[in-house]
Amino acid sequence: RQFVREIVTQHNRKIHKKYLEEIVCLRSLPEHKTTDFREERIRVTSGSTISILDTIYSVPSRLIHMTLKVHIYDDRLECFIGGDVVVKLERKRRKQGREHQIDYRHVIGALCRKPQAFRNYIYREELFPTLAFRSTWERLNRELDSRTACREYVKILKEAAEGDRESAVNQFLEEELHKDTLPRSIQVQKLFRKKGGDHPKLEPIHQNLEDYDTLLSGGIQ
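Residues numbered from 1 in each chain as written. Predicted model: local features only at pLDDT ≥ 70, side-chain atom pairs only at ≥ 80, totals over all residues. Heavy atoms only, no water.

K.L.:
What exactly am I supposed to notice about a nonpolar patch on the surface here?
P.N.:
Together, Y19, L20, I23, V24 and L26 line one region of the surface with nonpolar side chains, adding up to about 500 Å² of accessible area. Mapped onto the secondary structure, L26 falls in the loop between helix 2 (16–22) and strand 1 (38–43). You can call L26 exposed: its relative accessible area is 55%. (Patch = residues over 30% accessible without salt bridge, like charges linked within 9 Å, V, L, I, M, F, W, Y side chains within 5 Å. Areas by Shrake-Rupley, 256 points an atom, 1.4 Å probe, with all protein chains shown as cover. Salt bridge = Lys/Arg side-chain N within 4 Å of Asp/Glu carboxyl O. Helix = DSSP H or I, 4+ residues; strand = E, 2+ residues; numbered from the N terminus. Buried < 20%, exposed > 50% of the residue type's maximum accessible area, 1.4 Å probe, protein only.)

K.L.:
Can you walk me through helix 5 (residues 146–161) in this structure?
P.N.:
The α-helix advances 3.6 residues per turn, and as a result positions three or four apart in sequence lie on the same side. For helix 5, spanning 16 residues, the distance from its first C-alpha to its last is 23 Å, which sits close to the expected 22 Å at 1.5 Å a residue. Here the buried face of helix 5 lies against helix 3 (104–113), helix 4 (131–143), helix 6 (166–178) and helix 7 (185–190). Near the N-terminus of helix 5, the side chain that reaches the backbone nitrogen of R147, with its oxygen 3.3 Å away, is that of D145. The positive-phi residue at the C-terminal boundary of helix 5 is G163, with phi of around 55°. (Expected span 1.5 Å × (residues − 1). Contact = heavy atoms within 4.5 Å. Polar contact = N/O pair within 3.5 Å; in protein donor to acceptor, adjacent residues only side chain to side chain.)

K.L.:
Quick question: what am I supposed to make of the packing of aromatic side chains here?
P.N.:
Here the distance between the centres and the angle between the planes together describe a pair of aromatic rings. Tallied over the full model, the rule gives 7 aromatic pairs. Aromatic side chains F118 and F128 sit 6.1 Å apart centroid to centroid with 85° between the ring planes, which places their arrangement in the edge-to-face category. Of this pair, F118 sits in the loop between helix 3 and helix 4 while F128 sits in the loop between helix 3 and helix 4; the two residues are 10 residues apart in sequence, bridging distant segments of the chain. Residue F118 shares its accessibility class with F128, and that shared class is buried. Relative to Y123, the ring of Y121 lies with its centre 5.9 Å away and its plane at 80°, an arrangement referred to as edge-to-face. There is no split in this pair, since Y121 and Y123 are both buried. A connected cluster of aromatic rings, assembled from ring pairs, spans F118, F128, W137 and Y153. Its guanidinium or amino end placed over the ring of F80, K69 lies 5.5 Å from that ring's centre, counting from NZ or CZ. The positively charged end of R76 is found above the aromatic ring belonging to Y73, 3.8 Å away from the centroid. (Phe/Tyr/Trp six-rings, centres within 6.5 Å; stacked < 30°, edge-to-face > 60°. Lys NZ or Arg CZ within 6 Å of the ring centre and 35° of its normal.)

K.L.:
I'm lost on the sheet that holds strand 7 (residues 99–101) in this one. Help?
P.N.:
Strands in a sheet are paired, the pairing made by backbone hydrogen bonds, and the direction either parallel or antiparallel. A sheet is described by the order of its strands in space; here 3 strands give the open sequence 2-3-7, paired in mixed fashion. Bordering the open sheet on either side are strand 2 (49–52) and strand 7, each of which pairs with just one other strand. Each strand of the sheet is rotated relative to its neighbour by a mean of 20°, with strand direction disregarded. Examined bridge by bridge, strand 3 (residues 55–58) and strand 7 share 3 bridges and lie parallel to one another. The partner of T55 across the bridge, within strand 7, is E99. (Pairing = 2+ DSSP bridges. Axes fitted to C-alpha atoms, helices over the stretch in contact; angles between N-to-C directions.)

Pasting the structure below:
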C-alpha cells in the first residue's frame, strides 16, 4: 500500500495543473460510503471456529452454534449478531492450502469442558502462546498420567486467558521451570486469588426499631 501511495503521489504531481482545472467541474462526494465489504452468514462450529474463504478463524466460545453475519473487508472481518458487532478479526490471506488463525482465548471455554480434547486438538500448536507454556506442557505430559496432564495444562491456560494475565503466568512458569520444578495449576490459580485479609471488616449496624414508630407518629420533626 505504501508503494502504491508513493507512485500515485508522484503521478499526481505531474498532473496537478490539470487537476486544478477539472476540480471546478467535479461533483460532491456521495453522502454515504459505498459498500466495500462482502457479506456471508456462517454458523459457528462446536470447536468455536468459522470457515471463511478457505481460512479457519476462532471466535469466542459463547458464540458456539450461533449463526453470524460476517462482513468481509480487505483487511478484517466484522462478525454480527443482529445489529451488534460481537467480534472483529484480522483477515488472514491464504498462501497455500487451508490457513487458520486460532486465538487460545477463544477456544479455552470449550477445552475446559472437554480438557482431554487438548491432546489431539488439530490446532494445538496455537495453544502455546510462549516457549514457557510449551515447555510446561512437555513436562506435564512427561511426568503425569495422560488425563491429569491435559487437565493441568488447560487449567493453566485458562488462567492466562483471563484479562491480561498471560505475562504474569508466563513469568511464573519460567521461574518454576528454571528451578526444575513442575508447575501445577493450583499454584497458578493462587497468583490471582486475593487473601481474605484484603477485605475490610464492617461492624454490624444495630437499629432501634422504636425510632421508626416515633417517626411515623410525627414525633420527629
